[in-house]
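Chain by chain, the residues run as shown.
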Amino acid sequence: MELPAHLSIDFLENWNEDKLEISTIAQKNIEQNRAYLDNILKQGGTYYGINTGFGALCNVRIEPDQLAQLQENLVCSHACGMGDEVPEAIVRWMLLLKIHGLSQGYSGVRVEIVKGLAHLYSHGINPVVYELGSLGASGDLAPLAHLSLPLLGKGWVNYKGRKREAGEVLKETGLQPISLAAKEGLALLNGTQFMSSYAVWSLIEAKRLLIWADLIGAMSVDAFTAKDEPFKHPIHRLRPHKGQLETAKRILELLEGSEILALKKEQVQDPYSFRCMPQVHGATKDVVDTVINVVETEINSVTDNPIVFHDEDAIMSGGNFHGQPLALHLDFLAIAMSELANISERRTYLLVSGQRGLPAFLAPDAGLNSGFMIAQYTAAAIVSQNKQLCMPASVDSIVSSNGQEDHVSMGANAATKLRRVVQNIQRVLAIELLCAAQGLDMRRPAKTSPILERIHAAFRKQIPVMEKDRILHTDLIIAERFLDKDPREWIV
């Protein structure tokens, strides 16, 4: 399948193709751009990274017969990643986004390079890439070097469930190692595809978790016998933030037809973690929308350097590889998403607090049984870790390359810790779901709404009601995996 000219998060969320082809238009653009670069090189002149050294070595001129070796040396010397391996799903986003960026025809590469990356993608050959090494400024240099090594027959790949040497796998799948030409190593390594791929993964997950937060929050409303007045439209009409309006409307719809909601309430008001769900969940939704706009601009941009403008007869050296737009917004997204877990843990705390006719810790025969006491501890520990992870990476900069690269974004660190925050949010929501489901069981025979009853029934098929203490770890893991489901199947 060919990629469209413009990628969106919605498109990528639904992308499930294993095969990728380069469109005729993209191939024509790439060939035209490369032909222009080859012609320019024949005329002489000095161009950064094409016939010079890199970074602080930019003033070292390289002879024409050494240009291919220059590019291969670049890829090998920059493969300096360390730490955990990047998950294969994100590596595949990296391949996809790098192909899309090069296909725009401003990077000076040959078609063989782009087709080689497409070969890796289409054959499920996923380069081994490491999380640590990028400063998020001159592109994601170290991660993209590891992504590119297999084109040279070097490095390691994950293929059919095994880690293997790239050269062996290329031979099996019919791709010969490629000798790089002028500019190609730099085009492969410059770019923000590491940061962008983590951003794509995080946004897709965030969209799912935002719906789950509303669903689980609504279940907790009934489990805690909270009031629905805070979700009614007149309140939000007077403060019409988009996310706030959407959240209030959704929670009211989720609670429609609830017997528990119709019960007489004694309290005048509910705590903020219930009453302010539209304001808190909604603010996060608005941040997600903002970050989607930034990321979609980024993944459809040319982010390597220098840029070859065949249509303007120019080769320009600039800074499109600098990750500042991503770094700032990925930090913002981590902060916004962490609030979903923050407010969720507060609802869990109230559900186990022994209020509103519920037993302490939702435990049958509390005292003999501890119920969900320590599940709330776990949620609190995870929320605390998220707060630590939300220290912005983008406020830092460390000088590199002998002072040539004197301001960096640290967007790669923002990206990797954002992923940890998002994973933690799912865990905290899973704990709230366990407690909300137990609370609803304790409200029987009164029922919640038809929508929430269906979710409760599906959940109970996997995890039974707690009638006495048991090892809760297993329940927590099952609940976490339950939230892998697309929640839209219940609310469409």
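The sections below set out a description of the structure shown in this document. From a predicted model like this one, the values you see are computed outputs, not experimental measurements.

### Thoughts on the overall build of the protein
- Secondary structure summary: the protein contains 20 helices and seven strands in total.
- Dimensions of the protein, computed from the C-alpha atoms along their principal axes, are close to 85 × 50 × 40 Å.
- Per-residue burial for the protein yields a buried fraction of 56% across its 492 residues.
- A sequence separation of at least 24 residues applies to 79% of the contacts in the protein between residues at least 6 apart.
- Split by element, the accessible area of the protein, about 20700 Å² in all, is 53% carbon and sulfur.
- In the protein, the 48 positive side-chain charges and the 57 negative ones have mean positions that sit 6 Å from each other.

### Comments concerning the environment of Ser 370
- If you trace the backbone, Ser 370 turns up in the loop between α15 (324–351) and α16 (373–389).
- What Ser 370 contacts, discounting residues up to four positions off in sequence, is Phe 361, Ala 363 and Asp 469.

### Some words on the sheet that holds strand β2 (residues 126–127)
- With antiparallel pairing, three strands are arranged side by side in an open sheet as β2-β4-β5. Either end of the sheet is taken by a strand with one partner, and the two such strands are β2 and β5 (162–165).
- Pairing analysis gives two bridges linking β2 to strand β4 (residues 156–159), with the strands arranged antiparallel. Bridge pairing in β4 places Asn 126 opposite Asn 158.
- Seen against the sheet, helix α7 (residues 166–173) touches β4 and β5 and runs at an angle of roughly 95° to β5.

### Thoughts on the packing of aromatic side chains
- What the rule picks out here adds up to eight aromatic pairs.
- Judged by centre distance (5.2 Å) and plane angle (75°), the rings of Phe 459 and Phe 482 are edge-to-face. Of this pair, Phe 459 sits in helix α18 (residues 450–460) while Phe 482 sits in helix α19 (residues 472–482); the two residues are 23 residues apart in sequence, bridging distant segments of the chain. Residues Phe 459 and Phe 482 agree in their burial class; the two are buried.
- When the ring of Phe 482 is compared with that of Trp 490, the centres are 5.9 Å apart and the planes differ by 25°; the resulting orientation is stacked. Accessibility classification places Phe 482 together with Trp 490 in one group, the buried group.

### Considering the state of the cysteines
- Per the stated rule, a full pass over the model turns up zero disulfides.
- The closest cysteine sulfur to the non-disulfide-bonded Cys 80 is located on Cys 76, 10 Å from its own sulfur.
- A relative accessible area of 51% places Cys 80 in the exposed class.

### Points about the pairing of β5
- As defined by bridge partners, β4 adjoins β5 across four bridges and the pair is classed as antiparallel. Note on β5: the bridge partner recorded for Tyr 159 is Arg 162.
- Linking two consecutive strands that pair antiparallel, namely β4 and β5, is a turn of two residues; a positive phi of about 55° is found at Lys 160 within it.

### Let's talk about unusual backbone geometry
- Between Asn 305 and the following residue, Pro 306, the backbone shows a cis peptide bond with an omega angle of -10°.
- Within the secondary structure, Pro 306 is located in the loop between α14 (277–299) and β6 (307–309).
- The amide bond that connects Arg 444 to the next residue, Pro 445, takes the cis arrangement and shows omega of 15°.
- Relative to the helices and strands, Pro 445 is located in the loop between α17 (411–441) and α18.
- Unlike most non-glycine residues, Asp 365 shows phi in positive territory, near 55°.
- Mapped onto the elements of the fold, Asp 365 is located in the loop between α15 and α16.

### Some words on the pattern of salt bridges
- For the coordinates displayed, the defined rule picks out 28 salt bridges.
- Residue Asp 304 pairs with Lys 183 through a salt bridge whose shortest N-O separation is 2.8 Å. Separated by 121 residues along the polypeptide, Asp 304 in the loop between α14 and β6 and Lys 183 in the loop between α7 and α8 (184–189) bring together distant segments of the chain.
- Notably, a salt bridge pairs Asp 475 with Arg 470, separated by 2.8 Å at the nearest N-O pair.

### Some thoughts on the side chain of Gln 426
- Its place among the elements puts Gln 426 in helix α17.
- Among the polar contacts made by the side chain of Gln 426, one reaches the side chain of Asp 484 at a distance of 2.9 Å.
- Not counting residues within four places of it along the chain, the set of residues in contact with Gln 426 comprises Glu 205, Arg 208, Leu 209, Glu 480, Arg 481, Leu 483 and Asp 484.

### Observations regarding the side chain of Thr 247
- With respect to the helices and strands, the residue Thr 247 is situated in helix α11 (residues 242–255).
- For Thr 247, a relative accessible area of 0% translates into the label buried.

Here is what the cut-offs are and how they apply
- Residues numbered from 1 in each chain as written.
- Predicted model: local features only at pLDDT ≥ 70, side-chain atom pairs only at ≥ 80, totals over all residues.
- Heavy atoms only, no water.
- Helix = DSSP H or I, 4+ residues; strand = E, 2+ residues; numbered from the N terminus.
- Buried < 20%, exposed > 50% of the residue type's maximum accessible area, 1.4 Å probe, protein only.
- Contact = heavy atoms within 4.5 Å.
- Areas by Shrake-Rupley, 256 points an atom, 1.4 Å probe, with all protein chains shown as cover.
- Lys, Arg positive; Asp, Glu negative; His and termini not counted.
- Charge placed at Lys NZ, Arg CZ, Asp CG, Glu CD.
- Pairing = 2+ DSSP bridges.
- Axes fitted to C-alpha atoms, helices over the stretch in contact; angles between N-to-C directions.
- Phe/Tyr/Trp six-rings, centres within 6.5 Å; stacked < 30°, edge-to-face > 60°.
- Disulfide = S-S within 2.5 Å.
- Salt bridge = Lys/Arg side-chain N within 4 Å of Asp/Glu carboxyl O.
- Polar contact = N/O pair within 3.5 Å; in protein donor to acceptor, adjacent residues only side chain to side chain.

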